[in-house]
Amino acid sequence: MTDTKKSANAMWGGRFAAGPDAIMEAINASIGYDQRLAQQDITGSRAHAAMLAATGIISDKDAEAIREGLLTVLSEIETGEFQFSAALEDIHMNVEARLKEVIGEPAGRLHTARSRNDQVATDFRLWVRDQADAAIIGLEALIAAFLDQAEAGADWVMPGFTHLQTAQPVTWGHHMMAYVEMFSRDLSRFRDARNRMNESPLGAAALAGTGFGIDRTMTAEALGFDRPMANSLDAVSDRDFALEFLSCASICAVHLSRFSEELVIWSSAQFRFVTLSDRFSTGSSIMPQKKNPDAAELIRAKIGRIMGAMVALFTVMKGLPLAYSKDMQEDKEQVFDAADTLMLSLAAMTGMVSDLTANKAALASAAASGFATATDLADWLVRDLDLPFREAHHVTGSLVAMAEAKGCDLPDLSLDEMQTVHAAITADVFNVLSVDASVASRMSYGGTAPVRVREQVAAWRDRLAKSGAR
């Protein structure tokens, strides 16, 4: 038997007489990816050792040796000196084996009143909590970038679309603030998820708790958790925190993808609504005129990876009985990749929005075309001529058809032409047919009027300043 297999068997204990063959080792080992949990694993172990000493389960001397030895191991990992071993399966066994080499016999006392089941649940929960914090910070930065855009273009008119067809004029600021609202919901979801996940599994042991007189509240507080989890079975079985993180990430990625799609459309030669900075665009190898919105396209595609991770983990968890099953080893790669993808996408989108240049003239020109003020005309007929809305809708439709036949827009029709459709129309109608008048009139709460946009920008800046959006 090789030394490596002897080492693995020693970790498993006396139950196993022969080492795993290469195939079993390959399918069983997770160290290739769960080494990312090193910092959380060592933080949790240091808290556990301190608690064991405080409760008299191990000596202060052994606890101090363990805690200092763990710092040595962490330093080796951070500097790249640490040699990870697949034979030792995971980050927990790798750290413990190295700790024994560093401090000797006291290392064997670290795992008292603890199982790898509650250990990995704690490590992973700490890691996901860190990622939720990172997502919150990333979303705050993205929201701030949208607020800058909204404030700069609070009164810039542009077409609002339904079905990607011109519907009514809106302001650039209003459109930007729509994404502030969308990403603020993502912010809220990550905050809520973080609050729910902030309970400590440590001390649940394998599944039933432990007969040692441990202090779970002490370790929970040391690790920044609000409280220990109340049921030991649930503590080692639960992966809701990871599922919820992936759910939040997936919804956020949908929002990132939707704005990416708009950037792709808006930056095209057919729209020319915006210009993306060179930092977030690429050229063509053959067509020198091209400036491709590659960053937006890549973000648009990354929803597949994030949502795929969510579906994969839901599938892993859906049929598992309590408590721990090895299936749950498949939880981490999905979450690691989704978190990396989300953080990169948030950073890239924040950069694009910050650097984005809106073409005010092109936006205004597009807003004035496509009969964008038809609804304003219908509303005027209701308010000023007291027509029922359905009749006003019919009159407006007839005027649109007339303008379309003439190849002009509604403000270009003469009063005489309008009166052939409805004799009571007066010259006052032209006061509502400009796009500027249209957006200025939308004064209802949440409307596109520049004054409402500026109110919302100010309110959001105040929220960010007071609480860091937390």
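Here, every reference points to the structure presented above.
A short tour of the structure in this document, coming up. None of the values given here were measured: they were computed from a predicted structure.

### Examining the overall build of the chain
- For the chain, the helix and strand inventory stands at 19 helices and 6 strands.
- Relative to a compact globule of 470 residues, whose C-alpha radius of gyration would be 23 Å, the chain shows 31 Å and is clearly more extended.
- In terms of principal-axis extent, the alpha carbons of the chain reach across some 100 × 50 × 40 Å.
- Sorting the 470 residues of the chain into buried and exposed places 48% on the buried side.
- Total accessible area on the chain is roughly 21,400 Å²; 53% of this is exposed by carbon and sulfur atoms.
- Separation of charge centres in the chain, based on 44 positive and 62 negative side chains, amounts to 3 Å.

### Digging into the pairing of strand β1 (residues 157–162)
- Of the strand pairs in this sheet, β1 and strand β2 (residues 165–171) are connected by 6 bridges, and their pairing is antiparallel. Within β2, the position partnered with V157 by the bridge is T171.
- Connecting β1 to the next strand, β2, in antiparallel fashion are 2 residues, including H163 with a positive phi near 60°.

### Points about the packing of helix α15 (residues 374–385) against helix α16 (residues 389–406)
- Where α15 contacts α16, the two axes come as close as 9 Å, and the packing angle between them is 135°. On the basis of their axis angle, the class for α15 and α16 is oblique. The two elements α15 and α16 meet at a crossing, and its hand is right-handed. Judged by residue contacts, A374, L377, A378, D379, L381 and V382 of α15 engage F389, A392, V395, T396, L399 and V400 from α16.

### Let's talk about the nonpolar core
- Judged by nonpolar contacts, the single largest core of 99 residues is most densely connected at W172, F190, F259, L263, W266 and L342.
- Ranked by residues supplied to this core, first place goes to helix α11 (residues 240–266) with 15 residues.
- Aside from chain neighbours lying at most four places away, what touches L342 is A135, F190, A249, C252, L256 and I306.

### Focus: the environment of S398
- As for its placement among the helices and strands, S398 is situated in helix α16.
- Accessibility expressed as a relative area gives 27% for S398, which makes it partly exposed.
- Here the alpha-carbon distance between S398 and F183, two residues 215 residues apart in the chain, equals 41 Å.

### Focus: the pattern of salt bridges
- Under the counting rule described, the total for this entry stands at 26 salt bridges.
- As a salt-bridge pair, R461 and D148 come within 2.8 Å of each other at their nearest N and O atoms. Taken together, the residues R461 in helix α19 (residues 450–467) and D148 in helix α7 (residues 116–152) connect sequence positions 313 residues apart.
- The class for R461 is partly exposed, based on a relative accessible area of 30%.
- A relative accessible area of 45% places D148 in the partly exposed class.
- Its salt-bridge partner being E199, residue R227 comes within 3.1 Å of it at the nearest N-O pair. Note that R227 is positioned in strand β4 (residues 227–228) and E199 in strand β3 (residues 199–200), a separation of 28 residues in sequence.

### Considerations on α15
- The end-to-end C-alpha separation of α15 is 16 Å, in line with the 16 Å expected for 12 residues at 1.5 Å each.
- Residues A374, D376, L377, A378, W380 and L381 constitute the buried set of α15.
- Where α15 is buried, its residues touch β2, α16 and α18 (435–441).
- D386 sits one or two positions beyond α15 and adopts a positive phi of about 60°.

### Describing unusual backbone geometry
- Here the bond from L322 into A323 is cis, since omega is 10°, no more than 30 degrees from zero.
- Here A205, not a glycine, exhibits a phi torsion of approximately 60°, which is positive.
- Examined against the element boundaries, A205 turns out to sit in the loop between β3 and α9 (216–222).
- Given a relative accessible area of 8%, A205 falls into the buried group.
- A positive phi angle, near 60°, is found at D386, a position not held by glycine.
- Checked against the element boundaries, D386 lands in the loop between α15 and α16.
- Overall, D386 belongs to the exposed group, its relative accessible area being 66%.

### Observations regarding the environment of A53
- Looking at the secondary structure, you find A53 in helix α4 (residues 38–54).
- A relative accessible area of 14% places A53 in the buried class.
- In this structure the C-alpha to C-alpha distance between A53 and I214, which are 161 residues apart in sequence, comes to 9.7 Å.
- In this view, A53 contacts I58, S59, D60 and A63; residues no more than four positions away in its chain are not counted.

### Quick look at the packing of aromatic side chains
- Taken as a whole and judged by the stated rule, the model has 15 aromatic pairs.
- Look at F82 and F84: their rings are 4.7 Å apart centre to centre, the planes differ by 50°, and that puts the pair in the tilted class.
- Plain terms: the ring middles of F146 and F183 are 5.8 Å apart, the flat faces sit at 25° to each other, and that makes the pair stacked. Note that F146 is positioned in helix α7 and F183 in helix α8 (residues 172–197), a separation of 37 residues in sequence.
- Judged by relative accessible area, which is 0%, F146 ranks as buried.
- Grouping aromatic residues by their ring pairs yields a cluster made of F146, F161, W172, Y179, F183, F259, W266, F271 and F273.
- Note that K332 overlies the ring of F124, its terminal NZ or CZ placed 5.5 Å from the centroid.
- Note that R463 overlies the ring of W460, its terminal NZ or CZ placed 3.8 Å from the centroid.

Scoring rules and cut-offs
Residues numbered from 1 in each chain as written. Predicted model: local features only at pLDDT ≥ 70, side-chain atom pairs only at ≥ 80, totals over all residues. Heavy atoms only, no water. Helix = DSSP H or I, 4+ residues; strand = E, 2+ residues; numbered from the N terminus. Rg over C-alpha atoms; globule rule 2.2 N^0.38 Å. Buried < 20%, exposed > 50% of the residue type's maximum accessible area, 1.4 Å probe, protein only. Areas by Shrake-Rupley, 256 points an atom, 1.4 Å probe, with all protein chains shown as cover. Lys, Arg positive; Asp, Glu negative; His and termini not counted. Charge placed at Lys NZ, Arg CZ, Asp CG, Glu CD. Pairing = 2+ DSSP bridges. Axes fitted to C-alpha atoms, helices over the stretch in contact; angles between N-to-C directions. Parallel < 35°, antiparallel > 145°, perpendicular 65-115°, else oblique. Left-handed = near helix turned anticlockwise from the far one by under 90°. Contact = heavy atoms within 4.5 Å. Core = buried A, V, L, I, M, F, W, Y, C linked by side-chain atoms within 4.5 Å. Salt bridge = Lys/Arg side-chain N within 4 Å of Asp/Glu carboxyl O. Expected span 1.5 Å × (residues − 1). Phe/Tyr/Trp six-rings, centres within 6.5 Å; stacked < 30°, edge-to-face > 60°. Lys NZ or Arg CZ within 6 Å of the ring centre and 35° of its normal.

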